[in-house]
Amino acid sequence: MALSKTELLNKVLVAIIIFLLIVIVTGTLIVKLSPPKAPAAPGELIAQGKAVNLAAPADTSDIAYFELGTLRITTLNKDEDNMLGIGMVLSPWLAYPAGDSVFYEELMRKKGVLKAVFQHYFSDQTKDQILSQSEESISSTLLAQVNEKLSLGKVSDIYFTDYLFLE
């Protein structure tokens, strides 16, 4: 018995939908079951060209770094004619005691909260206000705000590999 065009089309569409569902479920399971990616060492990132210059302290044997990634932030607008502030790109690194895996887990869990601290700090200021401050002043203010959000340890310093304004 021959299938009509409508029945054939329906069977082909059902087969395609089933195939896509299998691909989606398989991909989801693979991603969920794969182990989490370990943080890259600063030296590796510099060698790969992903970091330019990490202003790390001289003795790094006791210090590990946690990268928050590249953040894109819009600064506060100071000009009423221009509705948007200036775009800013920065890549903050947090220094913490090496080997403290419990604290590292807290940093991983609170990564979004920590990014929000940076977002809030820079988006509440104009470009001129940010440029009038030294990097040390900005780092110390952010360090205090970041450490307020943490309970299992403290970040010892904050470094920036990217700190650019986009115009």
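Attention in this report is confined to the structure presented alongside it. (Residues numbered from 1 in each chain as written. Predicted model: local features only at pLDDT ≥ 70, side-chain atom pairs only at ≥ 80, totals over all residues. Heavy atoms only, no water.)

Looking now at the overall build of the protein chain. When helices and strands are counted, the protein chain shows six helices and four strands. Across the protein chain, helices and strands are ordered from the amino to the carboxyl terminus as α-α-β-β-β-α-α-α-α-β. (Helix = DSSP H or I, 4+ residues; strand = E, 2+ residues; numbered from the N terminus.)

A separate point is the pattern of salt bridges. In total, this model carries one salt bridge according to the counting rule given. Across the pair Glu-106 and Lys-110 runs a salt bridge, and its minimum N-O distance is 2.9 Å. Overall, Lys-110 belongs to the partly exposed group, its relative accessible area being 21%. (Salt bridge = Lys/Arg side-chain N within 4 Å of Asp/Glu carboxyl O. Buried < 20%, exposed > 50% of the residue type's maximum accessible area, 1.4 Å probe, protein only.)

Listing the buried residues of helix H3 (residues 101-109) in full gives Phe-103, Tyr-104, Glu-106 and Leu-107. The arc that holds the buried residues of H3, viewed along the axis, is 160°, so those residues lie on one side. Among the exposed residues of H3, those oriented more than 90 degrees off its buried face are Val-102 and Arg-109. Buried-residue contacts for H3 involve strand E1 (63-67), strand E3 (87-97) and helix H4 (111-123). (Arc of directions from axis to C-beta. Contact = heavy atoms within 4.5 Å.)

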